[in-house]
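For reference, the chains in residue letters:
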Amino acid sequence: MKLRSVLFLSVFAVLVVSVMFVFHCYEIDDKVIGGFVLSYFRSLETPLYKLDPGWPRFAEHFTGQSFGVAVDSSSGLVYVAQRGEDVPKVLVFSENGFYLGAWNTTTLEMPHGITLDNNTIPPSLWITDVGNGNYGHTVKKYSSSGELVRVLGTAGRAGSSLNPLQFDQPAEAFVDDAEDIYIVDGDGGMNNRLLKITSDLEVLWTHGEKGTQPAQFNIPHSVTVDSYNRVWVADRKNKRIQAFNSVTGEWLGSWSNCFKDDAPYSVRLTADKKYMIVVQLNISQILILTVPPVGVIGDCHIASTIRLAEEVKPHLVDVSLKTDAIYVAEIGAQQVQKFVSYS
């Protein structure tokens, strides 16, 4: 009898210590969304960002699945691309969380990625459309008020041609300061490629073959460019991020060691360019990765992790260049959430 009591107390003590350890390492926060509670677990080892529970002020304005988000730091506006039947495809909020309105456009079918272009005043937006109708398979430029300015690709026709330019479910675009456009083409379509083109549609270089080798892709999903002339691509189905020289297109290296549990879906840099924000949809997680200095790419290093509830399913992100706040478009929760820096 004494032996059983000693064993029971020993097991109980181990459980208590384990629970104390878990709660020491993670802090649990709750946020009520649409009548139910979503919890997220924030690593306390290196806390860099925390949830802003007051953004937006009223979440009922989200009426579809939030696929992408873009932040205009100069005017303090946040654009949300959403999908759904009979819903506005782009919502506009302030960085303070107020709903400002929606675009009245019929030229978007199924928006996927949305990216700000700071080369115009006011800034314009590029949206990729993966629809199969008359407006799909395109990359479109819009004014800040939602007026269609330009269409890249052959609307309504999927293809791989470079002349004329064609896409098949393009995932995302990024525009650099020289107005060159980087496009990841192939959110499950026939293409698996990265293109760099000028504003005059001259193709400067491209990588475009499905596979697992360097410079090959399997659903390239997000793209960004850093201040060291490096292009970063979330190579989703290969569970890695690849890096290229933005001038020559030369392959520089890849990261896969951080993505054993789930694929990277987004690549965006913080305002100081020290960190890369990567979301993992299937395990509802946000990774904050350390960006290496110029030179060898090396291995991936996680600076901080934010664990979301499994219902959330984060898809794409953007970062405010003024406040460094992270905005996360979430398919499962059908909303965008804002995370602010501790500093």
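Because the structure is predicted, anything quoted here is derived from the model rather than measured.

### As for the confidence of the model for the chain
No. 1: Averaged over every residue, the pLDDT of the chain is 89; residues scoring 70 or more account for 87%.
No. 2: Note on residues 1-30: pLDDT under 50 across the span, and 24 contacts to partners over four residues away in sequence or across chains.
No. 3: Here residues 32-44 scores under 50 on pLDDT; set against residues more than four positions off or in separate chains, the count is 54 contacts.

### Side note on unusual backbone geometry
No. 1: For the peptide bond that leads from Trp55 to Pro56, omega is -10°, which places it in the cis range.
No. 2: Within the secondary structure, Pro56 sits in the loop between β3 (49-51) and β4 (65-72).
No. 3: Here the residue pair Ile121 and Pro122 is connected by a cis peptide bond, since its omega of -5° sits within 30 degrees of zero.
No. 4: Positionally, Pro122 belongs in the loop between β8 (111-117) and β9 (124-129).
No. 5: At Gln169, a position not held by glycine, the phi torsion is positive, near 55°.
No. 6: Summarising the element assignment, Gln169 is placed in the loop between β11 (148-152) and β12 (170-175).
No. 7: Although it is not a glycine, Ser284 adopts a positive phi angle of roughly 50°.

### Examining the state of the cysteines
No. 1: Evaluated as defined, the whole model comprises 1 disulfide.
No. 2: One disulfide in the model links Cys258 with Cys300; its S-S distance is 2.1 Å. The disulfide joining Cys258 to Cys300 has a torsion of about -105° about its S-S bond and is therefore left-handed. In this pair, Cys258 is assigned in the loop between β19 (251-255) and β20 (268-269) and Cys300 in the loop between β22 (285-290) and β23 (302-307), connecting sequence segments 42 residues apart.

Conventions we followed
Residues numbered from 1 in each chain as written. Predicted model: local features only at pLDDT ≥ 70, side-chain atom pairs only at ≥ 80, totals over all residues. Heavy atoms only, no water. pLDDT = per-residue confidence, 0-100. Contact = heavy atoms within 4.5 Å. Helix = DSSP H or I, 4+ residues; strand = E, 2+ residues; numbered from the N terminus. Disulfide = S-S within 2.5 Å.

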